[in-house]
Each structure stands twice: as C-alpha cells, then as structure tokens.
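What follows is each chain in one-letter form.
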Amino acid sequence: MSATPVLLAHHKHCDDLFAGAEAAAYAGHWAACRDAFQRFSGEMTAHFATEEEVLFPAFETATGNTGGPTSMMRLEHAQMNALMMQAAQAAVVADSEGFSGAVETLLILMQQHNMKEENILYPMCDRVLSANDLALERELATRTAGTCPP
Amino acid sequence: MQPNLSFEQAPPLGVPFRFFLVAPWFGVAAGLLLPWAGESAISSRWSPAVLALTHLLVLGYLLQAMTGALFQFVPVAAGGNVWRPRLVAAILQPLFLIAAALLATAFLAGSGAMLRGAAALFVAAVSLQVVVIGLALWRTPAQGATVAALRLAIGGLAATVGLGAILAEGFAGDHGWPLVTIVNIHAGWGLGGWALMLVAGVSYFVVPMFQLTPPYPHRLARALPLALLLVLGGWSAQILGMNAEWVTAIWLAGFCLAAGYAILTLWLQRHRRRRIADPTFLFFRGAMFCLLGSCISAVVMTMLTSIGDDSRCAWWLGILILPGAFVSLINGMLYKIVPFLCWLHLQRLAGIGAVAPNMREMIPERAQRRQMRLHFLSLALLLLTTFFPAAAGVAGVVFAASCAWLGWNLTGAARAYRTFRGRISAAAAGPAP
C-alpha cells in the first residue's frame with residue numbers, strides 16, 4: 001500500500017490555508033491574516049518534519065542515496081521556511097508590500113516543489129518503500145498537533 | 001530513469017534572459033511602424049508595413065520570448081537535457097534578432113535579396129533550435145500532455161519556418177507558385193501549430209501552479225494537441241486543391257479548438273483556490289477572452305458574408321490573436337518568470353541565511369498593474385482602428401509605449417539582480433586589507 005497519498009492531500013490542504021491568508025492580507029484583515037498564516041506555517045512545518053524525519057530517511061536507507069532528490073527537497077524546505085518567516089514578520093507589522101512579495105515568491109517555490117514531489121519523488125518512494133509501514137498519516141497528525149495553534 | 005530533480009538542470013540565468021529582455025523591444029518597433037504605415041495598414045493584409053509589423057511581433061517578440069521560455073522550461077519542467085544551452089542560446093538569439101530586423105526591412109524595401117537572406121538565417125537558426133530542443137524533448141523520460149504538446153510545437157515551428165522560406169523564394173523569384181494558399185498554410189502552422197500548441201502545453205503546467213486552479217482534464221489536455229495537428233493536416237491539404245466549403249470548415253474547426261482551450265482555461269480560472277487577481281492572472285484572462293473573441297469573430301465573418309468580405313476583417317482578427325492573445329499572455333508570464341528566476345539564482349548564490357529581494361521587490365506590483373492598463377488600452381485602440389483608421393498612429397504609439405514599459409520593468413529586475421549579486425560578491429571577498 002502506498003504511503004504518500006496522505007502527503008499529496010496535505011499539499012492541497014496547505015494550499016487552501018495559504019490562499020486564505022493571502023486573501024485576508026489583500027482585504028486588509030491583518031488579524032485574520034496572521035491567524036491563517038500561523039496555521040499555514042504550522043501545517044507546513046509539520047509536513048516538512050514528516051518528510052525529513054520519516055519519509056526521506058526511509059528512502060535514503062532503502063536506496064543508499066543521500067545526495068540526490070531528498071537533499072534538493074531539504075534545501076527547498078529551508079528556502080520556504082525563510083520566506084515564511086519573512087511573510088510572518090511582514091504580517092505582524094501589516095506591511096502589505098512585504099507580505100505580498102514574500103508570499104508571491106513562496107507560492108511559486110512551493111508549487112514547483114510540490115510538483116517535483118508529486119510527480120517524481122513520491123512515486124519513487126512508493127516503489128522503493130512498498131514493504132515498509134511508514135504510517136505517514138499518524139506521523140503527520142502527531143506533528144501537526146505539535147506545531148499548529150489550537 | 002527518472003528526470004533529475006537537481007537545480008543544476010536549470011540553465012544559467014543569462015540563457016533565458018538573453019531572449020526575455022530583448023523581446024518587448026520588437027513590440028516597440030512594431031508599434032512605431034504603425035504611425036508610419038498610416039491607414040493603409042488596416043485596409044490590406046498584404047501591405048508591406050503590415051507584413052513587416054506582423055513579423056516583428058511573431059518573430060521578434062513571440063519567437064524570442066517563447067524560445068527563452070523553452071530553454072528554461074524543457075530542463076526544469078519536462079526533465080529534458082538541453083545540449084550546451086549557453087552556447088546554443090548565444091548563437092540563436094543574435095541570429096533571430098538580425099533575421100527579424102532583416103525580414104522587416106525586406107518587406108518595407110520590397111527587396112527579394114533581403115527576403116532570401118532573412119529566410120536563410122531563420123532556416124539556419126530554427127534548424128539548430130529544432131535539433132537541440134527537439135532532441136531534449138525526444139529523449140526526456142518524462143511523459144504527459146505538456147511534453148507531448150511541446151514536441152508537436154517544435155514540429156510546428158519547423159513547418160512554419162520551412163513554409164516561410166518557400167514563400168520568401170516565391171516572392172523573391174518568379175515561380176508561379178500559389179503564394180496566397182501557401183501564406184494561409186504558413187500562418188496556420190505558425191499560429192496554431194507553434195504558438196497555440198506551445199501555449200497550451202505550458203499552460204497545462206503553469207495555470208494550476210500560479211493560480212491554484214484544478215488541473216486541466218487529462219483526456220482533453222491529451223486530445224487538444226492531436227486535434228490541432230489533425231486540423232493543420234487538413235488545412236495544409238488545400239495546397240492539393242480543395243473545395244472552398246471544406247477550406248472554410250477546416251478554418252472554423254481550428255478556431256473552435258482554440259475556443260475550446262480558451263473556455264476550458266477560463267473555467268479553470270473561475271474555480272481557482274487562490275482568490276486574489278494579480279497582473280499575471282489578469283493578463284492570462286485577458287488573453288483567453290481575446291482568443292475567444294477571435295473565434296466568435298471568425299464564426300460571424302463566415303456566416304455573414306457582408307462582414308466577412310470586408311478587407312478589414314484580417315486586421316480585426318490579427319489584433320485579437322497577436323497583441324490580444326499571445327502578447328498579453330507572454331507579458332503576464334514574464335512578470336512571474338523573470339523576477340522568480342532572479343530570486344532563485346540570488347538565493348542560490350547567497351545561501352539560505354541571506355535574504356534576497358523577493359519578486360515584488362524586483363518588479364513592484366504597482367508598476368506591473370500600470371503597464372497592464374496601458375497594454376489593454378493599446379489593445380482597445382488597435383481594435384478601434386478597424387472602424388477609425390485615422391487612429392492607427394495613436395494606437396501604434398500607445399502599444400509601443402506599453403512594450404517599452406514592459407522592457408523597462410524587466411530590465412529593472414535584471415538591475416536588482418546585478419546589484420544584489422554585487423553585494424554578495426563584495427561580502428564574500430570580505431573587507432579590504
């Protein structure tokens with residue numbers, strides 16, 4: 001049974017949270033934007049942690065490849081974290097230019113990252129890890145509970 | 001074998017930028033030709049000025065921008081390895097530039113020798129492009145509707161330029177060839193087989209990505225390029241002699257396919273999860289409305305011969321298709337691609353700890369929106385010249401101003417990139433002893 005569909009569905013969930021935060025900022029509802037963006041950042045952090053601490057190590061162990069696609073994905077996670085931090089800081093001071101610039105850049109980076117994962121890396125993981133029981137759904141839920149505001 | 005996920009697949013920034021930064025200035029040249037051409041431009045598709053400005057747009061603006069996009073898109077999105085991109089781009093781009101300028105001059109001067117020279121340059125350059133990009137697309141392990149459409153688009157480009165070379169010889173020499181029929185087939189392949197095919201393939205990828213829309217339905221995405229190819233095959237068969245009703249039916253079938261693509265894209269955009277309407281989205285939507293408008297116009301022109309027989313119909317359709325659909329779409333796409341590539345390359349140079357200027361700091365949204373308003377104003381004026389030919393000069397100047405503004409905005413992103421890269425280099429060198 002493939003383990004990654006839960007991550008794929010979680011990408012869409014994060015997209016929705018992102019769109020909500022962005023729309024709130026454009027409407028000038030900064031309190032709502034900060035709440036929505038905090039929720040989005042929390043889900044993203046949980047998503048990255050699930051991949052970096054569970055999925056990628058399992059893939060790297062199975063293939064013996066630590067310098068390939070997973071290292072690229074880790075680098076892009078770090079780039080997205082930096083942009084999320086910029087956007088969060090801009091939201092705190094209601095800086096619409098700063099916020100929209102950071103999230104615009106984040107959106108493209110995030111979407112091309114997701115496409116690489118969904119079209120290439122996840123199918124590779126599903127093939128290589130078909131015998132492993134990674135229980136990513138439980139892992140993601142645990143991490144989300146730990147990083148997202150109630 | 002899987003496509004490589006490495007960033008190293010992306011070409012150096014100078015490869016796509018070489019094309020992107022030049023493209024809008026051909027729009028400026030095309031716009032400025034209009035006041036000079038005057039009212040005659042509207043009345044006949046065969047006037048030298050119309051031929052010159054049409055080719056400045058399709059070979060100067062569109063071909064440059066689309067080639068630059070292919071150099072970026074094929075390795076990154078389609079997993080294709082382009083052979084020595086820096087070298088090939090350094091050969092192709094100046095060849096395209098010289099050939100487009102020579103061709104426009106040839107039309108204006110009525111010089112057969114210059115026409116042959118421009119055609120020879122285009123055949124050489126496009127042959128290189130078709131071999132290098134085509135081979136990368138042929139060998140990529142990636143599958144899907146985008147790759148299939150891009151492969152066909154490269155074939156469409158080869159057919160367009162091949163037919164263009166035949167036309168150049170036909171006009172320069174005295175061979176008695178059926179030139180009007182060949183011109184129509186040439187235009188069909190250029191607009192449908194190359195430009196629309198490429199735009200469709202790329203939009204399968206970027207529309208859901210930039211606007212968080214649902215994906216294009218898989219079967220329709222697969223079927224559209226094949227249906228276009230079928231229609232173009234039928235359209236080309238008119239060279240062998242064909243009933244006029246059949247030619248009209250195939251012409252309408254091509255427009256119906258374009259309309260289907262436009263309606264589907266507009267429907268997807270209507271169901272987007274991203275709620276804001278940024279300039280790229282508005283440009284894209286405007287382009288789709290123009291494409292749809294051209295299809296409705298084509299149907300009306302066919303059904304009402306009193307309208308269809310008017311020589312100004314070609315101008316109306318040409319404006320909706322070229323500046324309306326393709327220039328609008330490329331303009332909007334450049335506002336995403338150029339600043340994002342600047343940011344991506346700077347981030348890579350600076351490392352994670354450093355904060356590179358974000359996309360809006362490269363090209364402010366206010367500047368994008370103002371230029372967009374001018375572009376759509378120029379489009380309205382260009383369409384109005386169909387009924388008020390005396391306004392051609394003003395419409396041309398406004399279109400030229402809009403293209404110049406786009407060129408300036410893109411150059412601004414390149415300047416921001418250079419400034420920040422200079423700071424990174426200075427920081428890496430450390431304080432002077």
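Per chain, residues are indexed from 1 in the order of the written sequence. Following the order in which they are written, the chains are lettered starting with A and the ligands numbered starting with 1. Thresholds applied to this predicted model are a pLDDT of at least 70 for local features of residues and 80 or more for the giving and counting of side-chain atom pairs; totals over whole chains, interfaces and linings are not thresholded and use all residues. Where side-chain values are given, they derive from all heavy atoms of the structure, hydrogens and water being excluded.

## A closer look at the packing of helix α7 (residues 145-172) of chain B against helix α8 (residues 179-211) of chain B
Residues and elements named next belong to chain B.
For step 1, the next point in the chain: A fitted line through C-alpha atoms represents every axis, and for helices the fit uses only the stretch in contact; the resulting angles, taken between N-to-C directions, go from 0 to 180 degrees. Starting at the N terminus, helices and strands are each numbered in turn, a helix being any DSSP run of H or I of at least four residues and a strand any DSSP run of E of at least two. For the pair α7 and α8, the least separation of the axes is 8 Å and the interaxial angle reads 160 degrees. As summarised for this structure, α7 and α8 are arranged roughly antiparallel, according to the angle between their axes. The chirality of how α7 crosses α8 is left-handed.
For step 2, the next point in the chain: Each residue is assigned to one of three groups, with Ala, Val, Leu, Ile, Met, Phe, Trp, Tyr, Cys and Pro labelled nonpolar, Asp, Glu, Lys and Arg labelled charged, and all others, Gly among them, labelled polar. Looking at the contact of α7 with α8 residue by residue, the classes come out as 22 nonpolar, 9 polar and no charged. Roughly parallel refers to an angle under 35 degrees, roughly antiparallel to one over 145, roughly perpendicular to one between 65 and 115, and oblique to any angle outside these ranges. Helix crossings get a hand from a simple test, with the near helix turned counterclockwise from the far one by less than a right angle marking a left-handed crossing and a clockwise turn marking a right-handed one.

## A look at the nonpolar core
For step 1, the next point in the chain: What makes a nonpolar core is a set of buried Ala, Val, Leu, Ile, Met, Phe, Trp, Tyr and Cys residues whose side-chain atoms join them at distances within 4.5 Å. Burial status follows relative accessibility: with a 1.4 Å probe on protein chains alone, a residue under 20% of its type maximum counts as buried, one over 50% as exposed, and anything between as partly exposed. Counting 168 residues, the largest nonpolar core has A:Phe40, A:Phe99, B:Tyr61 and B:Tyr261 as the members making the most contacts within it.
For step 2, the next point in the chain: Considering every element that reaches this core, the biggest residue donor is helix α13 (residues 313-350) of chain B, with 23 residues.
For step 3, the next point in the chain: When near neighbours in sequence (up to four residues on either side) are disregarded, A:Phe40 contacts A:Cys14, A:Leu17, A:Phe18, A:Met84, A:Leu106 and A:Met110.
For step 4, the next point in the chain: A:Val54, A:Leu55, A:Phe59 and A:Met73 belong to the second largest nonpolar core, which has 18 residues in total. Whether two residues are in contact is decided by their heavy atoms, any of which lying within 4.5 Å being enough.

## Remarks on the interface of chain B and chain A
For step 1, the next point in the chain: Each partner contributes residues to the interface: chain B has 26 residues there, and chain A has 36 residues.
For step 2, the next point in the chain: What gets called buried area is simply the loss in accessible area from a 1.4 Å probe that two parts show on being joined, summed for both. Summed over both sides, the interface of chain B with chain A buries roughly 2900 Å², with 67% coming from carbon and sulfur.
For step 3, the next point in the chain: Salt-bridge detection follows one rule: a side-chain nitrogen of Lys or Arg within 4 Å of a carboxyl oxygen of Asp or Glu. Across the chain B-chain A interface, the total number found is 6 salt bridges.
For step 4, the next point in the chain: Between B:Lys336 and A:Glu104 there is a salt bridge, with its nearest N and O atoms 2.3 Å apart.
For step 5, the next point in the chain: Under the rule applied, a polar contact is a pair of N or O atoms within 3.5 Å (in protein, one hydrogen donor and one hydrogen acceptor; residues adjacent in sequence only if both atoms are side-chain atoms). If you look at where chain B meets chain A, you find 11 residue pairs in polar contact (both at pLDDT 80 or more).

## Considering the pattern of salt bridges
Opposite charge on two side chains permits them to pair, given that their charged atoms come into close proximity.
Residue and element names in this part refer to chain B.
For step 1, the next point in the chain: Tallying each qualifying case throughout the model produces 16 salt bridges over all chains.
For step 2, the next point in the chain: In this structure, the salt-bridge partner of Arg274 is Asp278, at a minimum N-O distance of 3.1 Å.
For step 3, the next point in the chain: Using a relative accessible area of 2% as the deciding quantity, one classes Arg274 as buried.
For step 4, the next point in the chain: Its salt-bridge partner being Asp310, residue Arg312 comes within 2.9 Å of it at the nearest N-O pair.
For step 5, the next point in the chain: For Asp310, a relative accessible area of 28% gives the class partly exposed.

## A few points about helix α1 (residues 5-26) of chain A
In an α-helix, one full turn covers 3.6 residues, which means residues spaced three or four apart are oriented alike.
For step 1, the next point in the chain: Each residue after the first adds 1.5 Å to the expected span of a helix. Its 22 residues place the ends of α1(A) 32 Å apart at the C-alpha level, agreeing with the 32 Å of an ideal helix rising 1.5 Å per residue.
For step 2, the next point in the chain: Positioned one or two residues after α1(A), A:Gly28 has a phi angle of 80 degrees, which is positive.

## Focus on the environment of B:Gly201
All names here are of chain B.
For step 1, the next point in the chain: With respect to the helices and strands, Gly201 occurs in helix α8.
For step 2, the next point in the chain: As a C-alpha pair, Gly201 and Ala100 span 101 residues in sequence and 25 Å in three-dimensional space.
For step 3, the next point in the chain: Contact partners of Gly201, with chain neighbours within four places excluded, come to Thr146 and Ala149.

## Here we look at the environment of B:Trp46
For step 1, the next point in the chain: Within the fold, B:Trp46 resides in the loop between α3 (40-43) and α4 (48-77).
For step 2, the next point in the chain: Spatially, the C-alpha atom of B:Trp46 lies 30 Å from that of B:Gly68, the residues being 22 residues apart in sequence.

## A few points about the packing of aromatic side chains
Given two aromatic rings, one states the distance between the centres and the angle between the planes to describe the pair.
For step 1, the next point in the chain: Stacked, tilted and edge-to-face pairs are distinguished by plane angle, under 30 degrees for stacked and over 60 for edge-to-face with tilted covering the rest, among Phe, Tyr and Trp rings (Trp via its six-membered ring) whose centres lie within 6.5 Å. All told, the structure shown has 14 aromatic pairs over all chains when counted by the stated rule.
For step 2, the next point in the chain: Ring centres of B:Phe283 and B:Phe376 lie 5.7 Å apart, and the angle between their planes is 35 degrees; this geometry places the pair in the tilted category. Placement of the pair is B:Phe283 in helix α11 (residues 279-303) and B:Phe376 in helix α15 (residues 365-384), with a sequence separation of 93 residues.
For step 3, the next point in the chain: On the accessibility criterion, B:Phe283 (0% relative accessible area) is buried.
For step 4, the next point in the chain: Classification of B:Phe376 by relative accessible area gives partly exposed; the value is 26%.
For step 5, the next point in the chain: Put simply, the rings of A:Phe18, A:Trp30, A:Phe37, A:Phe40 and A:Phe99 pair up and form one aromatic cluster.
For step 6, the next point in the chain: The rule is short: NZ of Lys or CZ of Arg within 6 Å of the ring centre and within 35 degrees of the ring normal puts a charge over the ring. The ring of B:Trp408 has B:Arg415 sitting right over it, with the charged end atom 4.3 Å from the ring centre.

## Quick word on the confidence of the model for chain A
For step 1, the next point in the chain: Every residue gets a pLDDT, meaning the predictor's confidence in that residue, from 0 to 100. Per-residue pLDDT for chain A averages 89, and the proportion of residues at 70 or more is 95%.
For step 2, the next point in the chain: Predicted confidence in chain A is weakest over helix α5 (residues 136-147) of chain A, with a mean pLDDT of 74, and strongest over α1(A), with 94.

## Points about the packing of α4(B) against α7(B)
Residues and elements named next belong to chain B.
For step 1, the next point in the chain: Contact geometry for α4 and α7: axes closest at 13 Å, N-to-C directions at 140 degrees. Taken together, the axes of α4 and α7 are oblique relative to one another. The handedness of the crossing between α4 and α7 comes out as left-handed. Contacts between α4 and α7 involve Leu63, Leu70, Phe73 and Val74 from the first element and Thr146, Leu150, Ile154 and Leu157 from the second.
For step 2, the next point in the chain: In the contact of α4 with α7, the residues fall into 7 nonpolar, 1 polar and no charged.

## Notes on unusual backbone geometry
For step 1, the next point in the chain: A positive phi angle, close to 55 degrees, is found at A:Ala94, a residue other than glycine.
For step 2, the next point in the chain: With respect to the element layout, A:Ala94 can be found in the loop between α3 (69-92) and α4 (96-128).
For step 3, the next point in the chain: Despite not being glycine, B:Arg84 shows a phi value in the positive range, around 40 degrees.
For step 4, the next point in the chain: If you trace the backbone, B:Arg84 turns up in the loop between α4 and α5 (85-109).

## Quick word on the confidence of the model for chain B
Segments scoring low in pLDDT should not have their predicted coordinates read at a detailed level.
For step 1, the next point in the chain: Summarising the model, chain B shows a mean pLDDT of 93, and 97% of its residues fall at 70 or more.
For step 2, the next point in the chain: Both confidence scores are given for the complex: pTM 0.93, ipTM 0.88.

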